[in-house]
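Close look at the chain arrangement
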Amino acid sequence: MSTPATQVVDHSALKVNQTGIIATVLVAFVGGALFRPLLVLIPLLAIVLLLGTFAPQLALFKQFYFKVLKPRGIVKPRPVQDRPEPHNFAQGLGGVFLAVASIFLIPLTFLGLALALLVAVLAFVNVAFGYCLGCQIFYQLERRGLLRA
Amino acid sequence: MSAQLWALAVAGIVVLAAACLETFRSRRARRLVLATSPSPSVPRRGAAPINGEEQPYILYFTGDSCTVCRTHQEPALARLGDVRVDKVDAIAERTLADRFHVYTLPTTVVMGADGQPLHVNYGYAPAPKLERQLAEARVMSLRSAATA
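A word on the overall build of chain B. A count of helices and strands for chain B gives 4 helices and 4 strands. Contacts spanning at least 24 positions in sequence make up 74% of the contacts within chain B whose residues lie at least 6 apart.

Here's what the structure looks like:
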């Protein structure tokens, strides 16, 4: 059995990121019914997630955690021996889904909203139960040799 | 507002369909593992039997990409006490993982004293569930020892 090559990942940063995704999608979803321009939050969130996947220093919610919440003791850190790649992959996947949702928002609003809602549901499942669908997809791709650590 | 309602309906249907698909998938995989004739018996790996007697044990499939394994499954396995846990890297030992149709991590397999799989749990299995399955496995071992 190979020894996992892990590093320390602060799971509180991941939780804050997921909570940010849920909150933003909910604001866009509910607020969009009353004030349609709020739907612009969905493409903005897609950009934030995609940027954060490739440049962690641009991950808005994680930076908010590291620069504001953690130093002020509002959220306590939770370091876990883990690999960051599956989480980044999951975040990127969420970003891609939100980007597709953004494309659909104008011609088929309900479909764009449904896709965004699914991303929020998956983020909620991750926050509440620790189940990360993106990480499972990462495992399947790695198992088939399509991804290398 | 109607777009929001339609979106809720579509998302609800997708979530429901995914839940049904997952249930079907895990049941099918479990059936394949438990009903395969002959069952995929696995030789013991590592340490000697506890107290010189063969005991049921757990085959624990994990991987370094599995966070739930570290945050949930491993603490649950640690709570089981004296039970033997054989940890298997599902990526490195793909053949063994395929024998048990491991499609998700963590996966735990409760093995009987004879090395036959008795219970398969795809996804996180809490300690009480594993304890119950191990107790059943011990009863089965005693029965088979009595009839032998």
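The structure having been displayed, the exposition proceeds.
Looking now at the nonpolar core. With 34 residues, the main nonpolar core has B:I58, B:L59, B:F61, B:A90, B:F100, B:V109 and B:V110 as its most contacted residues. No other element matches the 5 residues that strand 1 (residues 57-62) of chain B contributes to this core. Look past the residues within four positions of B:F61 in its chain and what remains in contact with it is B:V88, B:A90, B:A97, B:F100, B:V102, B:L105, B:P106 and B:T107. Counting 27 residues, the second-largest nonpolar core is a separate cluster that includes A:I21, A:F29, A:A116 and A:L118.

Once that is clear, we can look at the confidence of the model for chain A. Per-residue pLDDT for chain A has a mean of 90; in total, 95% of the residues score no lower than 70. The secondary-structure element of chain A with the lowest mean pLDDT is strand 2 (residues 79-82) of chain A, recorded at 85, while helix 2 (residues 41-54) of chain A shows the highest, at 95.

On to the packing of helix 1 (residues 11-34) of chain A against helix 2 of chain A. Residue and element names in this part refer to chain A. For the pair helix 1 and helix 2, interaxial distance at closest approach is 9 Å and the crossing angle is 160 degrees. The orientation of helix 1 relative to helix 2 falls into the category roughly antiparallel. Note on packing geometry: the crossing formed by helix 1 with helix 2 is left-handed. Across the interface between the two elements, I21, T24, V25, V27 and A28 of helix 1 pack against L41, I42 and L45 of helix 2. A class-by-class count of the residues in the contact of helix 1 with helix 2 yields 7 nonpolar, 1 polar and no charged.

Tallying the contact residues gives 30 residues for chain A and 27 residues for chain B. Of all the elements, helix 5 (residues 109-129) of chain A adds the most residues to the side of chain A that touches chain B, at 8 residues. Looking at the side of chain A that touches chain B residue by residue, the class counts come to 19 nonpolar, 6 polar and 5 charged.

Take the environment of A:G95 next. Residue and element names in this part refer to chain A. You can see G95 is positioned in helix 4 (residues 84-104). Among the residues examined, G95 registers 22 C-beta atoms within 10 Å and is labelled buried. Considered as a pair, G95 and L147 are 52 residues apart in the sequence and their alpha carbons are 19 Å apart. In this view, G95 contacts A46, L49, L50 and T53; residues no more than four positions away in its chain are not counted.

This part is about the sheet that holds strand 2 (residues 85-89) of chain B. Residues and elements named next belong to chain B. With mixed pairing, the 4 strands of this open sheet are ordered in space as 2-1-3-4. The sheet terminates laterally at strand 2 and strand 4 (117-122), the two strands that pair on one side only. Each adjacent strand pair in this sheet contributes to an overall mean axis angle of 20 degrees, direction not counted. Across 5 bridges, strand 1 lies against strand 2 in parallel orientation. In the strand pairing of strand 2, T62 is matched with D89. This element, helix 4 (residues 127-147), spans strand 1, strand 3 (107-111) and strand 4 of the sheet and lies at about 25 degrees to strand 3.

The next subject is unusual backbone geometry. Backbone geometry follows two general trends: most residues other than glycine have a negative phi, and most peptide bonds adopt the trans configuration. With an omega of 0 degrees, the peptide bond running from B:L105 to B:P106 counts as cis. Mapped onto the fold, B:P106 is located in the loop between helix 3 (94-99) and strand 3.

It is worth spelling out the pairing of strand 1 of chain B at this point. Residue and element names in this part refer to chain B. Of all 6 residues in strand 1, 6 are buried, a share of seventy percent or more. What you see with strand 1 is no split at all: Y57, L59 and F61 on one side and I58, Y60 and T62 on the other are buried throughout. Sheet analysis places strand 1 next to strand 3, joined by 5 bridges and oriented antiparallel. By the bridge assignment for strand 3, F61 is matched with T107.

Our focus in this paragraph is the environment of A:V127. Residues and elements named next belong to chain A. Tracing the backbone through its elements, the reader meets V127 in helix 5. V127 sits 113 residues away from L14 along the chain, and the two C-alpha atoms are 8.6 Å apart. Filtering out sequence-adjacent residues up to four positions away, V127 remains in contact with K15, Q18 and T19.

Cut-offs applied
Residues numbered from 1 in each chain as written. Chains lettered and ligands numbered in written order. Predicted model: local features only at pLDDT ≥ 70, side-chain atom pairs only at ≥ 80, totals over all residues. Helix = DSSP H or I, 4+ residues; strand = E, 2+ residues; numbered from the N terminus. Contact = placed C-beta atoms within 7 Å. Core = buried A, V, L, I, M, F, W, Y, C linked by C-beta atoms within 7 Å. Buried ≥ 20, exposed ≤ 12 C-beta atoms within 10 Å, placed from the backbone. pLDDT = per-residue confidence, 0-100. Axes fitted to C-alpha atoms, helices over the stretch in contact; angles between N-to-C directions. Parallel < 35°, antiparallel > 145°, perpendicular 65-115°, else oblique. Left-handed = near helix turned anticlockwise from the far one by under 90°. Nonpolar A, V, L, I, M, F, W, Y, C, P; charged D, E, K, R; others polar. Pairing = 2+ DSSP bridges.

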